[in-house]
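Understanding the architecture of this molecule
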Amino acid sequence: MAVILQLALVRLLDAWGIRPSATTGHSSGEIAAAFAAGALSFEDAIAVAYIRGRLTHDFVQAGRARGAMTAVAASMAKAAEYMATAGTGPAAVVACVNSPASVTISGDAAALDRIEALARADSAFVRRLRVPAAYHSAEMEALAADYHAGLSAHVQGSRNFTATCSSSVTGGIMSDASLVRDPGHWVRNMTQPVQFDDCLRAMILGADQASRRSVPQV
């Protein structure tokens, strides 16, 4: 639903003559970012969002989704420390790097309980997210093949970027619009970590400056 609203807002702004010079998006928000940047048609963007949502819904309804997600006010290094101390191993991963001081950890609910306890002991902000599955973790790999197959049947044609588009999958500027027409890109968007801090930095500063990490980490 969120992606559909984003797509509708892009179309409304376009009707008013307001068009972006650069776009980026967090997780599924990259679908709307790719549409706003001209690389996906409206119909293709709907397909990418709908197939992802339907597969996830069916996965949850079948009782196969067992993980959870927790937002923690911590750096990547601190999150890694929490996971190591909690002994979570592969049961928990950093799913989203939202800023230099904010991450989302995804995985086994019991592992997240231990991480949350450690963060609270440090008086760090912690919040369990109200989501039905452990997005951007190994749990979503169960949907990868079906998602790829579904997109292969619906996302077709060739389009060019009309604006700079920075990807939360790669953390950088995409130079070739065909990348977002590759079903594998959207599978990675669902299963791999969200590199939002990097992609936002790249969109604002440009790829070269962003790679130098010239902005102070505050």
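Up top you'll find the structure we're talking about.
Residues numbered from 1 in each chain as written. Predicted model: local features only at pLDDT ≥ 70, side-chain atom pairs only at ≥ 80, totals over all residues. Heavy atoms only, no water.

Time to look at the overall build of the protein. Each helix and strand in the protein was counted, giving nine helices and six strands. By the compact-globule yardstick of 17 Å for 218 residues, the protein fits well, its C-alpha radius of gyration being 18 Å. By its C-alpha atoms, the protein is 50 × 45 × 25 Å across when sized along the principal axes. For the protein, buried positions account for 45% of its 218 residues. Here the analysis covers contacts within the protein between residues at least 6 apart in sequence; of these, 72% occur between residues at least 24 apart. Of the accessible surface of the protein, which amounts to about 10700 Å², a share of 56% is contributed by carbon and sulfur atoms. Each charge class in the protein can be summarised by its mean position, and for the 18 positive and 18 negative side chains these summaries are 3 Å apart. (Helix = DSSP H or I, 4+ residues; strand = E, 2+ residues; numbered from the N terminus. Rg over C-alpha atoms; globule rule 2.2 N^0.38 Å. Buried < 20%, exposed > 50% of the residue type's maximum accessible area, 1.4 Å probe, protein only. Contact = heavy atoms within 4.5 Å. Areas by Shrake-Rupley, 256 points an atom, 1.4 Å probe, with all protein chains shown as cover. Lys, Arg positive; Asp, Glu negative; His and termini not counted. Charge placed at Lys NZ, Arg CZ, Asp CG, Glu CD.)

We note that Ser27 has phi near 60°; this positive angle belongs to a residue other than glycine. Turning to its location among the elements, Ser27 is positioned in the loop between β1 (22-24) and α2 (29-36). Even without being a glycine, Ser123 presents a positive backbone phi close to 60°. Structurally, Ser123 can be placed in the loop between α5 (109-121) and β5 (126-128). Classification of Ser123 as exposed rests on a relative accessible area of 70%.

What follows deals with the pattern of salt bridges. Taken as a whole and judged by the stated rule, the model has eight salt bridges. Of the charged contacts, one joins Arg181 and Asp44 as a salt bridge, the two residues approaching to 2.7 Å between their closest N and O atoms. Of this pair, Arg181 sits in the loop between β6 (164-166) and α7 (183-191) while Asp44 sits in helix α3 (residues 42-61), and the two are 137 residues apart along the sequence. Its relative accessible area of 8% is what places Asp44 among the buried residues. In this structure, Arg201 and Asp197 form a salt bridge, with 3.3 Å as the shortest nitrogen-oxygen distance. You can see Arg201 and its partner Asp197 sitting in helix α8 (residues 196-205), four residues apart, about one turn around the helix. Counted as one network, the salt bridges with shared partners bring together Asp113, Glu116, Arg120 and Arg128. (Salt bridge = Lys/Arg side-chain N within 4 Å of Asp/Glu carboxyl O.)

Two aromatic rings are characterised by how far apart their centres lie and by the angle between their planes. A full pass over the atoms with the stated rule returns one aromatic pair. Positioned above the aromatic ring of Phe42 is the side chain of Arg11, whose terminal nitrogen or guanidinium carbon lies 4.2 Å from the ring centre. (Phe/Tyr/Trp six-rings, centres within 6.5 Å; stacked < 30°, edge-to-face > 60°. Lys NZ or Arg CZ within 6 Å of the ring centre and 35° of its normal.)

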